[in-house]
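Observations on the three-dimensional arrangement
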Amino acid sequence: MSAAQPTDIVIIGAGFSGLYSIYRLRQDYRVICLEAGDGVGGTWYWNRYPGARVDIKSVEYSYGFDHDLAQEWSWPEVFSGQPDLERYANHVADRFELRQHLRLSTTVTRLHFDQDANRWHVYTSKGDHFVCKYIIAATGALSAPNTPPWPGREKFKGEIYHTTEWPREGIDFTGKRVGQIGTGSTGIQLAPIVAEQAQQLYIFQRTPAFSMPSGNRPMAPELERDWKENYADRRRQMLETYGASLTVLPKLSHDDCSPEERQRILEDAWSSQSAFQLMLVFTDVMTNKSANDAVSKFVHQKIREIVKDPATAELLCPKTYPIGGKRLCIDNGYYQMYNRDNVTLVDVNSAPIIAFTEDGLRTAEREYQLDIIITATGFDAVTGALARIVIEGIDGKKLADKWAEGPTVYLGLMTAGFPNLFMVHGPKTPAAQAQMITTGEWQVDYIAGIIADQEREGLSRIDTTEAAEAWWDEEVEMVSRATVHRFADSWYNGKNIDGKKGGFMIYVGGFPRFAQLSKAAVAEGYKGFVRS
Ligand code: NAP
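What you see is a predicted model; the values in this text were computed from it and never measured. (Residues numbered from 1 in each chain as written. Predicted model: local features only at pLDDT ≥ 70, side-chain atom pairs only at ≥ 80, totals over all residues. Heavy atoms only, no water.)

Section: the site of the ligand
- Around the ligand, 24 residues are found, and the nearest of them are R53, T186, R206, T207 and W491.
- In the environment of the ligand, an oxygen atom lies 3.4 Å from a nitrogen or oxygen atom belonging to the backbone of G184.
- Within the backbone of A376, an N or O atom sits 3.3 Å from an oxygen atom of the ligand.
- With the chains in place, 87% of the 910 Å² that the ligand exposes on its own is no longer accessible.
- Of the residues assigned to the shell around the ligand, the class counts are 10 nonpolar, nine polar and five charged. (Near = heavy atom within 4 Å. Polar contact = N/O pair within 3.5 Å; in protein donor to acceptor, adjacent residues only side chain to side chain. Areas by Shrake-Rupley, 256 points an atom, 1.4 Å probe, with all protein chains shown as cover. Nonpolar A, V, L, I, M, F, W, Y, C, P; charged D, E, K, R; others polar.)

See below:
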């Protein structure tokens, strides 16, 4: 164990929010950023499976903090793939000279709060020991992989890969029998590419997802120019609406439209080359069952038109939850892929996966012989990354114990008993319900403002209270009751993982409301915080 190294702020994670935290805070403080991976980019460093692509236009899904960066950077495609997003993260790290603050391949293993000195002690997998005043956990909402604990993994003679731990050198599927478990956003992007190479692809589906064509295409000069000329306005508009610039907002409710109008609006949205437009066809898609049913049925109709085998088409039609209840997926030929002879959809809802075997996978119905198994089974979302660090706050209380029944937080920013520790995109923030780069920048600016106030006023500690957490919980539950999210089991509510507790993991009341409540708390004399 090396001697303790003093610093002011330790940032955990070099994804987009972690990188911006370095940039924002390094002028005034000594800053170190610890990153488990051997490169920057967070989500876009880890998720390098073929087909990984953002579902928000890249001109929008990019940093706004530097005018010249925004003007000079060019995205080759409208919805960038993982390689371009990783390249952008590296460009930002180089251009703004952030690397001197970075420690890569360094996993934070333990955080311990010294309550007499009001300092955090940070321990890493490399044996480092840092002592700092503030922690910024920019650990990402979707970073800890989820693999269901099927027995027999060690027996399987082939190869197993999780999509979020994809080998940098890639995987050759040529001539292989491949099994892919999971048909969420990740699985839907990956499968058509594997199908082109593999001898046979079995897709193990428990719940079908709603998906629509990504509409990806080369970046048109006019689109790029339009955004570059209007960046300031667009970013403001984005923060004032959904936290994402959904430019064509609906004017009419479902019941206000004639059947012909409804069909036209739905067809326009399907071909809009903007996935979220489908959730904006009527004003009440997320709140009114008949509006939501109309959109679901429209997608069912599209699936039945595309997929030639009627039994496969029926299995692919989601019928157990409302559209929008889970995040809508985007794809490049996902439904069309099922018309290939080498692709088989396996229903593991009626016959669940039981175990890995020497030669493949066994479901309740039969065994499948496989050479490669891909688990596209998602994430222990929102809390998973922090749960993997031993975090000891006031009186040595462990965060894992405090959150055993689910995370409790104030504004998604702090949790009582763990002073001076701030979370970006923490539990019960809008997270993926908004555009995470821009709203991450907003949260980092908000934290920087709090730290500046602490320092200016000569304070040593800021914490929150259980009463404030209870108030935020009520707010999170209240807004969730107004939308269809509660009718779907997903990472939004922790129900993607058996036994995970805690209710709603994200705030679905919209970014503007989240930001307004956060700003009001500070403006009203740090309401809900305890400062000393
Ligand atoms: P996910 O949406 O949680 O999907 C995981 C898949 O694994 C689901 O189909 C799930 O089935 C299946 N699964 C999990 N446990 C299983 C079990 N025991 N047996 C059988 N199947 C099981 O995870 P994801 O696809 O990685 O996506 C997570 C989030 O990442 C997305 O919602 C999105 O926010 C983000 N993402 C975005 C993009 C993009 O921007 N284009 C791409 C990828 C990911 P069930 O549904 O039945 O649980």
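Observations concerning the state of the cysteines
- Applying the stated criterion across every chain yields a total of zero disulfides.
- With no disulfide of its own, C132 lies closest to C33 among cysteine sulfurs, the gap being 12 Å.
- Left unpaired, C329 is separated from the closest cysteine sulfur, that of C317, by 14 Å. (Disulfide = S-S within 2.5 Å.)

Quick word on the pattern of salt bridges
- As enumerated under the stated definition, the model contains 31 salt bridges in all.
- Here E224 ties to K228 by a salt bridge, and the two come within 2.8 Å at their closest N and O atoms. Pair noted here: E224 and K228 are both in helix α6 (residues 221-240), with a separation of four residues, about one helical turn. Considered together, E224 and K228 belong to a single accessibility category, that of buried residues.
- When the shortest N-O distance is used, the salt bridge between R304 and E314 registers 2.7 Å. Pair noted here: R304 is in helix α8 (residues 289-306) and E314 is in helix α9 (residues 310-316), with a separation of 10 residues, a long-range link.
- By relative accessible area, which is 40% here, R304 ends up partly exposed.
- Using a relative accessible area of 32% as the deciding quantity, one classes E314 as partly exposed. (Salt bridge = Lys/Arg side-chain N within 4 Å of Asp/Glu carboxyl O. Helix = DSSP H or I, 4+ residues; strand = E, 2+ residues; numbered from the N terminus. Buried < 20%, exposed > 50% of the residue type's maximum accessible area, 1.4 Å probe, protein only.)

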